[in-house]
Amino acid sequence: MIDKNVNLLVVSAHAADFVWRSGGTIAKYIMHGANVSLVILSYGARGESNDLWNVEGQTLDNVKTIRRSEIEKAAECLGVSNFEIWDYEDYHMMINRDRMDQMVKKIREVRPHHIVTHGPKDAFNPDHEMVSKFVFDASVLSTSNGVRFDGYPTAKQARIFGLSRISLKSATLNRK
Ligand SMILES: [Zn+2]
């Protein structure tokens, strides 16, 4: 049952992933009053903004500004007010100890019943598989009493759901 007692954490590798891969799920949870927290790890400036780079004189700062405004509009449409952009560099996204600690703390802060993030197999962008493992590992660490951060008590293991890429063709077939 989805209600106000349910905490959902969505972790998106790039600016648009949460929209076209989990927009329906997010809207459904919001509609039922659940607490939805969204983390966007990067703007996808290097790997998922090709059209923007076709504009002459384009800059990284401008690409990020445009992607930020897209994120804000999408979040507003879905009704998500609780979102953070962590501004990691993408393509190729690197996870170090500080970032692992940051995600463990986020999971302990949100205390999600469910986490939605990238699935373990995704050839579309190598960052997606990286993020799948990152979030899975952080969720496991978040349950360990030996992994200690002041003000962030140990969490229970969340159920993790992996996003996959559905092509328009298969989506059309599924509707028939
Ligand atoms: Zn992506």
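For the structure itself, look to the data block above.
All values reported here derive from a predicted model rather than from experimental measurement.

Draft legend 1. Expanded view of the coordination of the zinc ion. Taken together, the protein donors to the zinc ion comprise His14 (ND1), Asp17 (OD), Asp17 (OD), Glu48 (OE), Glu48 (OE) and His128 (NE2), at separations of 2.0 to 2.6 Å. Every donor counted, the 6 donor atoms about the zinc ion form angles of 52 to 165° at the centre, which fits irregular coordination.

Draft legend 2. Spatial organisation of a nonpolar patch on the surface. On the surface, Val19, Trp20 and Phe124 cluster together into a nonpolar patch covering about 270 Å² of accessible area. Summarising the element assignment, Trp20 is placed in helix α1 (residues 17–31).

Draft legend 3. Up close: the pattern of salt bridges. Scanning all chains against the criterion turns up 9 salt bridges. Notably, a salt bridge pairs Arg97 with Asp101, separated by 3.2 Å at the nearest N-O pair. In this pair, Arg97 and Asp101 are both assigned in helix α4 (residues 97–110), 4 residues apart and thus about one turn of the helix distant. Among the ionic contacts, a cluster of salt bridges with common partners joins Asp17, Arg21 and Asp122.

Draft legend 4. The environment of Lys133, seen in detail. Looking at the element boundaries, Lys133 is found in helix α5 (residues 126–141). For the pair formed by Lys133 and Tyr91, sequence separation is 42 residues and the distance between their alpha carbons is 16 Å.

Draft legend 5. Layout of unusual backbone geometry. Following Tyr91, the chain continues into His92 via a peptide bond in cis, with omega recorded as 25°. By secondary structure assignment, the location of His92 is in the loop between β3 (83–85) and α4. A positive phi angle, close to 50°, is found at Tyr91, a residue other than glycine. Tracing the backbone through its elements, the reader meets Tyr91 in the loop between β3 and α4. The exposure class of Tyr91 is partly exposed, given its relative accessible area of 37%.

Draft legend 6. Summary view of the pairing of strand β5 (residues 159–163). Here 5 bridges tie strand β4 (residues 114–118) to β5, and the two strands are oriented parallel to one another. In the strand pairing of β5, His114 is matched with Arg159.

Draft legend 7. Representation of the side chain of Ser12 within the structure. With respect to the helices, strands and loops of the structure, Ser12 is situated in strand β1 (residues 7–12). Looking at Ser12, the relative accessible area reads 1%, which means it is buried. A polar side-chain atom of Ser12 sits 3.1 Å from the main-chain amide nitrogen of Phe18. If sequence neighbours within four positions are ignored, Ser12 has contacts with Asp17, Phe18, Val39, Ile40, Leu41 and His118.

So, how was this worked out
- Residues numbered from 1 in each chain as written.
- Predicted model: local features only at pLDDT ≥ 70, side-chain atom pairs only at ≥ 80, totals over all residues.
- Heavy atoms only, no water.
- Donors = N, O, S within 2.8 Å, 3.2 Å for Na, K, Ca; no water.
- Tetrahedral: all angles 85-135°; square planar, octahedral: opposite > 155°, others 65-115°.
- Patch = residues over 30% accessible without salt bridge, like charges linked within 9 Å, V, L, I, M, F, W, Y side chains within 5 Å.
- Areas by Shrake-Rupley, 256 points an atom, 1.4 Å probe, with all protein chains shown as cover.
- Salt bridge = Lys/Arg side-chain N within 4 Å of Asp/Glu carboxyl O.
- Helix = DSSP H or I, 4+ residues; strand = E, 2+ residues; numbered from the N terminus.
- Buried < 20%, exposed > 50% of the residue type's maximum accessible area, 1.4 Å probe, protein only.
- Pairing = 2+ DSSP bridges.
- Polar contact = N/O pair within 3.5 Å; in protein donor to acceptor, adjacent residues only side chain to side chain.
- Contact = heavy atoms within 4.5 Å.

Nothing here speaks to function; it is all geometry.
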